[in-house]
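The primary structure of each chain is shown beneath.
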Amino acid sequence: MIQLLVLFIILTLSTNLSILFKKKTFETIPFTLLSIVLILYIFGLIGILKIGIYFIILVTIISLINIFLNYKNKNIKNDLFLNYQTLFFILFFLLMMCSSWSKLLFEWDAFTHWGVTVKNMFVLNDFGSSALANTTIKHYPPAMALFQYFYSVICGSVKDEYLINAITCFSFSLLMPLFNKIKSNKILPNLLTFLLIIIIPIIYFSNNYYSIYVDAYMGIIFGYLLISYFKGNFDLFNIINICLATIVMILTKDIGLIMALSFFAIAIFDTLIFKNKFKEMTLNSIKEKKYIYLALLSIFLSIIFAKVSWNLSLQFKLSSISTDSNLSQMLNFFLGERPYYTSNVMINFINYLSDGYFAGTIIRLSFYVTIMILTLVIVYIYGQLKKKIDKE
């Protein structure tokens, strides 16, 4: 039952954000979870993770007071919190809380690295990269572990079930924008969307709700960024939201830098080359254009902040850790400056694309077939969007 306190903090912070930014609570839930990770990361950079928890609790208390004052002054609309989307998030949280009860980590990296990282954070009040930590891979970024740490501290201890519930709750929150497509307040379309959101991930990864591997969540964060960019306006809320997601993606795994740069390139091409964001403006005003340029600059600075701050943290804590960028490592790989075993890994990977299948999937499709299907889906969606834009 202690896990309900985590839910209470998330909903309180999200409701307060919805009042401040004039959004519905379900729209601000991802913003809240991303903010928690960033707050703890900043406090972790100076080795005082626990103070970050106290800060979040303080902000929660202030948020409660603000919600009460707004409710008293009747500034809160009924559908701000009381909507199907928010209720489905609560339902998902409760379902995961029950289904993960007494579950144990079972994957190798889960109980040799990811789980151990959170335990070290809990004991040392510092990142798993600390020289005092008994983690085996110290250079891995800490984003997902930070939210699991938050979840564990609020619950009072580190348990496998807390780690599982934390990461699944985090990933589900990033899928909340899919509810924006539903304009109806009727329960059936919302319920069907809720079920689809739950079912789709396990088609490709049957252990999705019992694994704390971060690889699948990298794709979810990237998808969240694309949805936030293409479906959102460049208002203050969305600019901060995109920056938060960009930072968290880079701090989830090293490959996040490449994914963040890919997203930034997409935003640059869409905005400055194709000028789609300028076409969407209701008023051709200098103020709106400034917001667009501010958004692009903010994304770029977020990438710099995340990568540079983590590299500096590693250099400070462990001078023996190499902090070469992913780009320089990739360049060295293609120039032939690489260990001999990496060539064999690459050859095996290419061969597996045609012969292998997604591990743990319900539907057995090869990688090539899956890529072909996804390409057709993307082409179809692009065609439908282009028709809609041409009509407008």
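Look a little higher up for the structure.
Because the structure is a prediction, the values reported are computed rather than measured.

Student: Help me get a handle on the overall build of the protein chain, residues and values and all.
Tutor: Helix and strand counts for the protein chain come out as 16 helices and zero strands. For the protein chain, the proportion of its 392 residues judged to be buried stands at 46%. Sequence-distant contacts, at least 24 apart, represent 71% of the contacts inside the protein chain between residues at least 6 apart. Working note: accessible area of the protein chain is about 20800 Å², and carbon and sulfur atoms make up 69% of it.

Student: How would you summarise the packing of helix 4 (residues 84-99) against helix 7 (residues 160-173) if you had to cite specific residues and measurements?
Tutor: Put simply, helix 4 and helix 7 touch, their axes get as near as 10 Å, and they point 155° apart. Between helix 4 and helix 7, the angle is such that the two are roughly antiparallel. Along this stretch, helix 4 crosses helix 7, giving a crossing that reads as right-handed. In this structure, helix 4 uses Phe 88, Phe 89, Phe 92, Phe 93, Met 96 and Met 97 to contact helix 7, whose residues at the interface are Asn 165, Thr 168, Cys 169, Phe 172 and Ser 173. Broken down by class, the residue content of the contact of helix 4 with helix 7 amounts to eight nonpolar, three polar and no charged.

Student: If you had to explain helix 11 (residues 256-273) to someone new, which residues and values would you point to?
Tutor: Between its first and last C-alpha atoms helix 11 spans 24 Å; for 18 residues at 1.5 Å apiece the expected length is 26 Å, and the two agree. Buried within helix 11 we find Gly 256, Leu 257, Ile 258, Met 259, Ala 260, Phe 263, Phe 264, Ala 267, Asp 270 and Thr 271.

Student: With reference to specific residues and values, describe the packing of helix 2 (residues 25-45) against helix 3 (residues 49-72).
Tutor: Viewed as axis vectors pointing N to C, helix 2 and helix 3 meet at an angle of 140°, and their least axial separation amounts to 7 Å. Considering the angle they form, helix 2 stands oblique to helix 3. As helix 2 packs across helix 3, the resulting crossing turns out to be right-handed. Residues Ile 36, Ile 39, Leu 40, Phe 43 and Gly 44 of helix 2 lie in contact with helix 3, whose contacting residues are Leu 49, Ile 51, Gly 52, Ile 53, Phe 55 and Ile 56. Its residues assigned to classes, the contact of helix 2 with helix 3 comprises nine nonpolar, two polar and no charged.

Student: I'd like a rundown of empty space enclosed by the protein, residues and numbers included.
Tutor: Tallying each qualifying case throughout the model produces three cavities of 30 Å³ or more. The computed volume of the largest cavity comes to approximately 70 Å³. Every residue lining the largest cavity is listed: His 113, Trp 114, Thr 117, Gly 128, Ser 129, Thr 135, Ile 137, Lys 138, Tyr 140, Pro 141, Pro 142 and Trp 310. No other element matches the three residues that helix 5 (residues 108-124) contributes to the lining of the largest cavity. Grouping the constituent residues of the lining of the largest cavity by class yields six nonpolar, five polar and one charged. A volume near 40 Å³ is recorded for the second largest cavity. Around the second largest cavity, the lining residues are Pro 141, Ile 250, Leu 251, Lys 253, Asp 254, Leu 257, Ala 306, Lys 307 and Trp 310. For the lining of the second largest cavity, the class distribution of residues is six nonpolar, no polar and three charged.

Student: Describe the nonpolar core, and please don't skip the residues or the numbers.
Tutor: Among the nonpolar cores identified, the biggest contains 96 residues, and Leu 40, Phe 89, Phe 147, Phe 150 and Phe 170 are the most heavily contacted of them. With eleven residues, helix 6 (residues 143-155) is the largest single contributor of residues to this core. Once residues within four sequence positions are removed from consideration, Leu 40 is found in contact with Leu 49, Gly 52, Ile 53, Ile 56, Leu 146, Tyr 149 and Phe 150.

Student: Can you tell me about the packing of aromatic side chains, naming the residues and giving the values?
Tutor: A complete count under the given rule lists 22 aromatic pairs for this structure. Look at Phe 92 and Phe 172: their rings are 4.0 Å apart centre to centre, the planes differ by 10°, and that puts the pair in the stacked class. Here Phe 172 lies in helix 7 and Phe 92 lies in helix 4, a separation of 80 residues in the sequence. According to the relative accessible area criterion, Phe 92 is buried, its value standing at 3%. Arranged with centres 6.1 Å apart and planes meeting at 40°, the rings of Tyr 151 and Tyr 162 form a pair that is tilted. Highlighted residues: Tyr 151 in helix 6 and Tyr 162 in helix 7, separated in sequence by eleven residues. Cluster of aromatic residues (ring-pair linked, three or more members): Tyr 84, Phe 88, Phe 89, Phe 92, Phe 172, Phe 194 and Tyr 209. A cation sits over an aromatic face here: Lys 103 above Tyr 210, 4.7 Å from the ring centre.

Student: Report on helix 6, specifying residues and quantitative values.
Tutor: Between its first and last C-alpha atoms helix 6 spans 19 Å; for 13 residues at 1.5 Å apiece the expected length is 18 Å, and the two agree. When you tally the buried positions in helix 6, you get 13 out of 13 residues, the bulk of the element. Taken from the residues just after helix 6, Gly 156 is the one with a positive phi, measuring 95°.

Student: Explain unusual backbone geometry to me, and be specific about the residues and the numbers.
Tutor: The phi torsion at Lys 22 lies on the positive side, around 55°, for a residue other than glycine. Inspection of the secondary structure puts Lys 22 in the loop between helix 1 (3-21) and helix 2. Lys 22 gets classed as exposed once you look at its relative accessible area, which sits at 73%. Even without being glycine, Asn 125 reaches a positive phi, approximately 60°. Examined against the element boundaries, Asn 125 turns out to sit in the loop between helix 5 and helix 6.

Student: Go over the environment of Lys 290, please, and point to the residues and values.
Tutor: Residue placement: Lys 290 occurs in helix 13 (residues 286-317). Among the residues examined, Lys 290 registers a relative accessible area of 57% and is labelled exposed. A C-alpha to C-alpha distance of 9.8 Å links Lys 290 and Phe 234, two positions 56 residues apart in sequence.

Conventions adopted
Residues numbered from 1 in each chain as written. Predicted model: local features only at pLDDT ≥ 70, side-chain atom pairs only at ≥ 80, totals over all residues. Heavy atoms only, no water. Helix = DSSP H or I, 4+ residues; strand = E, 2+ residues; numbered from the N terminus. Buried < 20%, exposed > 50% of the residue type's maximum accessible area, 1.4 Å probe, protein only. Contact = heavy atoms within 4.5 Å. Areas by Shrake-Rupley, 256 points an atom, 1.4 Å probe, with all protein chains shown as cover. Axes fitted to C-alpha atoms, helices over the stretch in contact; angles between N-to-C directions. Parallel < 35°, antiparallel > 145°, perpendicular 65-115°, else oblique. Left-handed = near helix turned anticlockwise from the far one by under 90°. Nonpolar A, V, L, I, M, F, W, Y, C, P; charged D, E, K, R; others polar. Expected span 1.5 Å × (residues − 1). 1 Å grid on protein atoms, 1.4 Å probe; cavity = no way out; pocket = protein on both sides within 12 Å on 5 of 7 lines; lining within 4 Å. Points joined across faces, edges and corners; volume = space filled by probe spheres on them. Core = buried A, V, L, I, M, F, W, Y, C linked by side-chain atoms within 4.5 Å. Phe/Tyr/Trp six-rings, centres within 6.5 Å; stacked < 30°, edge-to-face > 60°. Lys NZ or Arg CZ within 6 Å of the ring centre and 35° of its normal.

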